[in-house]
Amino acid sequence: SAMIKQANALLKGETDTLGFDESSPRDSLVGRLSHILVDEYQDIDDEQYELVSLLAGRTLQENGDQKLSILAVGDDDQNIYQFRGAHVGFIKRFREDYDATIHHLVENYRSTANIIAASNQLIAVNVDRMKVGHAIKINSARTNLPEGGNWQLGDPIGKGKVQLLGTKDLAAQAQAVLDEMNRIRGISDQFIYANTAVLAREWQELDMIRVLFEKQDIPVNLNWGKGAFPSFTKIREYAIILEALKNDRSTQKSASSLLSFLPENADDDNLWQVHLRGLIIDWLEETDDRLQPVSQIEEYLYEALSDQHRSQNLGNGVFLSTMHSVKGLEFDHVFVLGGSYSEPRAINMEEERRLLYVAMTRARETLQLFEIEASCRPHTAVFSGMFIKRRSVKPQLSELVQNCRYSLLGMTELYLGYAGGFNGNHQIHTILSRLKVGNTLKVEVQKEHIYLVTGEGVSVARFSKAAKSFWENKISSISEIKVLAMVRWGQATSTGPEYADRFKIDNWEIPICEVKHM
């Protein structure tokens, strides 16, 4: 990124910066620091490698006062981001770079022994590995538990083994996921949708799953992936409370007083209010509901909202995601789809195995791997042993499921200043203030633009030029447009003073939507 490039240039003394004395920029920036910890070291790219090297003083002459002690944590078996420049070679040469001692952390505190055994069997096929001879094992405190955990005795079919489920096609796979999830749910009263993940190699394979889940009223997480989703602080529900706190910064407030910003009945909460209520309750428990300075409450909320935005998902439903987006997460039950694989190529097979390995090791209790008859199956042949249960499933399709797509109309797909071009007394602002999460809108072409229109025919948003170019020949494929969030926007957040004369009001709202289409 540009920021890392600037930091590297500064540390190398290639840019002039005010505020430093005669010492080098690195000495001034590092100061009295003595240690540096880098997590997920296997995923760093060239620029990040240079930044760490400069901070640690890798290339400096031997000098205990100038060099930092460095601890890097990483797993080359989980290097899955080569497509964005991450290079596994950096972790492999860490010992040489820093004269480091290598420690192998091999105890798994998450998964059952069966899941660990299957994951080990898959990744052992890879040749270019650092952990050869250091297989992952279950942590010592759990060695006496059944290999399949509680499901070994509680599940008469799966028996706690890693299930390899064969299906005929994508539709059968979607139905099989639903049936197996319902079967597992029926066995355990501890089953929670939010602790369940369905993972795929490509996003589009998840669309049919979501269509079927929606028909069955199974909740799913909102997951915007790489979409241009707004900062959480701009979303209406959060912006209201943050604005109120800003205007009352000189006082103290209890956590319970913040609940007044939410519906009296929690059952009436929308997606964002559910999340905000959870944050407030967490703050209440942390502070024992004692009065706290408003500035501290603001700091807590801004940090929590920033963290949630970076996660790229929100909700209490089933987690639908690609394997690339699931690192660092864990779930009780994981379903890995099998319909997105192309013919294997030797050049990328090791990374493909690492990707599946990451997906498999997200599972705590049960793991279901799917394969489709007509699709390429480059990895499943490797599995054999008492920890694997193969079975062919031929589900009775509950209904004909059309494979719809879901697309975001986010901050780059809408002209952000549209509503700002209307006077404050124009009906658009009243209509926008009444729009709620879950409301539906329509598209309408007017002259050279595409608009989002309410049921009453009022235009509330306009597509950006890029979005118009993408959607103008696809409008007939749209079956539904649903409001995901209302964003508070205004002149202060719009780019460039040259646009100020276009606006006739200081602040307005923008509907962020999801399009369901063929």
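Residues numbered from 1 in each chain as written. Predicted model: local features only at pLDDT ≥ 70, side-chain atom pairs only at ≥ 80, totals over all residues. Heavy atoms only, no water.

> Explain the overall build of the protein here, please?
Scanning the protein from terminus to terminus reveals 16 helices and 20 strands. For the protein, the C-alpha radius of gyration of 26 Å lies close to 24 Å, the compact-globule estimate for 518 residues. Projecting the C-alpha coordinates of the protein onto the three principal axes gives extents of approximately 75 × 70 × 50 Å. Among the 518 residues that make up the protein, the fraction classed as buried is 48%. Long-range contacts, defined here as pairs at least 24 residues apart, represent 79% of the contacts in the protein between residues at least 6 apart. Carbon and sulfur atoms form 48% of the exposed surface of the protein, whose accessible area is close to 27000 Å². Taking the average location of the 57 positive side-chain charges in the protein and that of its 70 negative ones, the two points are 5 Å from each other. (Helix = DSSP H or I, 4+ residues; strand = E, 2+ residues; numbered from the N terminus. Rg over C-alpha atoms; globule rule 2.2 N^0.38 Å. Buried < 20%, exposed > 50% of the residue type's maximum accessible area, 1.4 Å probe, protein only. Contact = heavy atoms within 4.5 Å. Areas by Shrake-Rupley, 256 points an atom, 1.4 Å probe, with all protein chains shown as cover. Lys, Arg positive; Asp, Glu negative; His and termini not counted. Charge placed at Lys NZ, Arg CZ, Asp CG, Glu CD.)

> What should I look at first to understand the packing of helix α12 (residues 271-287) against helix α13 (residues 294-311) in this one?
Between two packed helices, both the angle of their axes relative to each other and the distance between the axes serve to describe the pair. One way to put it is that α12 packs onto α13 with a least axis distance of 11 Å and a crossing angle of 130°. Judged on the interaxial angle alone, α13 and α12 are oblique. Between α12 and α13 lies a crossing whose hand is right-handed. Every residue of α13 that contacts α12 at His275, Leu276, Leu279, Asp282 and Trp283 is listed here: Gln296, Ile297, Tyr300, Leu301, Ala304, Leu305 and Gln308. (Axes fitted to C-alpha atoms, helices over the stretch in contact; angles between N-to-C directions. Parallel < 35°, antiparallel > 145°, perpendicular 65-115°, else oblique. Left-handed = near helix turned anticlockwise from the far one by under 90°.)

> I tried to follow the sheet that holds strand β13 (residues 363-372) on my own but got confused; where do I start?
Adjacent strands of a sheet pair through backbone hydrogen bonds, lying either parallel or antiparallel. Taken together, the 6 strands give an open sheet; going across it, the order is β11-β6-β12-β13-β5-β14, and neighbouring strands pair in parallel fashion. Two strands bound the open sheet, and with one partner strand each, they are β11 (319-322) and β14 (388-392). Pairs of neighbouring strands in the sheet enclose a mean axial angle of 20°, with direction left out of account. The sheet contacts of helix α14 (residues 349-360) involve β6 (196-200), β12 (331-336) and β13, and relative to β13 the element is tilted by about 135°. (Pairing = 2+ DSSP bridges.)

> Any chance you could explain the sheet that holds strand β19 (residues 478-490) here in plain terms?
With antiparallel pairing, 6 strands are arranged side by side in an open sheet as β15-β20-β19-β16-β17-β18. Each end of this open sheet is capped by a strand with a single partner; those strands are β15 (405-409) and β18 (459-462). Pairwise comparison of adjacent strand axes, ignoring direction, gives a mean angle of 40° for this sheet. Summarising the sheet, strand β17 (residues 449-453) and β18 pair through 3 bridges and their orientation is antiparallel. Within the sheet, the bridge partner assigned to Tyr451 lies in β18 and is Arg462.

> When you look at unusual backbone geometry in this model, what are you seeing that I'm missing?
Keep in mind that most residues, glycine aside, have a negative phi and that most peptide bonds are trans. With phi around 55°, Glu40 is a residue other than glycine that occupies positive phi space. Within the element layout of this structure, Glu40 appears in the loop between β1 (35-38) and α3 (46-56). In this structure, Lys447 is a non-glycine residue whose phi angle is positive, near 55°. Here Lys447 is to be found in the loop between β16 (440-446) and β17. Note on Lys447: relative accessible area 81%, which makes it exposed.

> Before we go on, may I ask you to explain helix α15 (residues 427-434) in this structure?
A turn of α-helix holds 3.6 residues, and therefore any two residues three or four places apart point the same way. Regarding α15, the residues found buried are Ile428, His429, Ile431 and Leu432. Considered in projection along α15, the buried side chains sweep an arc of 160° and stay on one side of the axis. (Arc of directions from axis to C-beta.)

> How should the packing of helix α8 (residues 170-187) against helix α9 (residues 205-215) be read in this particular structure?
Put simply, α8 and α9 touch, their axes get as near as 9 Å, and they point 50° apart. The orientation of α8 with respect to α9, classified from their angle, is oblique. Crossing angle aside, the handedness with which α8 passes α9 is right-handed. Counted together, Leu170, Ala171, Gln173, Ala174, Gln175, Val177, Leu178 and Met181 of α8 and Glu205, Met208, Ile209, Leu212 and Phe213 of α9 form the full contact between these two elements. Partitioned by chemical class, the residues of the contact of α8 with α9 number 10 nonpolar, 2 polar and 1 charged. (Nonpolar A, V, L, I, M, F, W, Y, C, P; charged D, E, K, R; others polar.)

> Got a minute to help me understand the nonpolar core in this structure?
Soluble globular proteins: nonpolar side chains tend toward being buried together. Phe229, Phe232, Trp272, Leu301, Leu452 and Ile512 are the most contacted members of the largest nonpolar core, which totals 60 residues. Three or more residues apiece are contributed to this core by two domains, here domain 3 (232-311) and domain 4 (405-517). Trp272 has contacts with Leu222, Phe229, Phe232, Ile235, Glu237, Tyr238, Leu314, Val437, Leu484 and Ala485, leaving out every residue within four places of it along the chain. (Core = buried A, V, L, I, M, F, W, Y, C linked by side-chain atoms within 4.5 Å. Domains from an automatic or database assignment.)

> What's the story with the packing of aromatic side chains in this structure? I'm lost.
Note on aromatic pairs: each is described by the distance of the centres and the angle between the planes. Applying the stated criterion across every chain, the model contains 18 aromatic pairs. On the basis of an interplanar angle of 10° and a centroid distance of 5.6 Å, the ring pair of Phe232 and Tyr238 is categorised as stacked. Phe232 sits in the buried class, given a relative accessible area of 1%. Classification of Tyr238 by relative accessible area gives buried; the value is 0%. Connected via pairs of aromatic rings, a cluster forms that spans Trp224, Phe229, Phe232, Tyr238 and Trp272. We note Arg210 situated over the ring of Tyr406; from NZ or CZ to the ring centre the distance is 3.9 Å. Positioned above the aromatic ring of Phe470, the side-chain terminus of Lys474 is 4.1 Å from the ring centre. (Phe/Tyr/Trp six-rings, centres within 6.5 Å; stacked < 30°, edge-to-face > 60°. Lys NZ or Arg CZ within 6 Å of the ring centre and 35° of its normal.)

> What exactly am I supposed to notice about the pattern of salt bridges here?
Any two side chains of opposite charge can pair, given that their charged atoms come close. Counted according to the given criterion, the structure contains 31 salt bridges. Residues Lys12 and Glu14 are paired through a salt bridge, measuring 3.7 Å at the closest nitrogen-oxygen approach. Classification of Glu14 by relative accessible area gives exposed; the value is 55%. A salt bridge links Arg290 to Asp288; its shortest N-O distance comes to 3.6 Å. (Salt bridge = Lys/Arg side-chain N within 4 Å of Asp/Glu carboxyl O.)

> Looking at this model, I keep getting lost on the domain arrangement of the protein. Mind explaining?
When the parts come together, some accessible area is lost, and that loss is often what is quoted as the size of the interface. Here the protein is partitioned into domain 1 (1-103), domain 2 (113-211 + 321-391), domain 3 (232-311) and domain 4 (405-517). Just the C-alpha atoms count here: the centres of domain 1 and domain 3 sit 37 Å apart.

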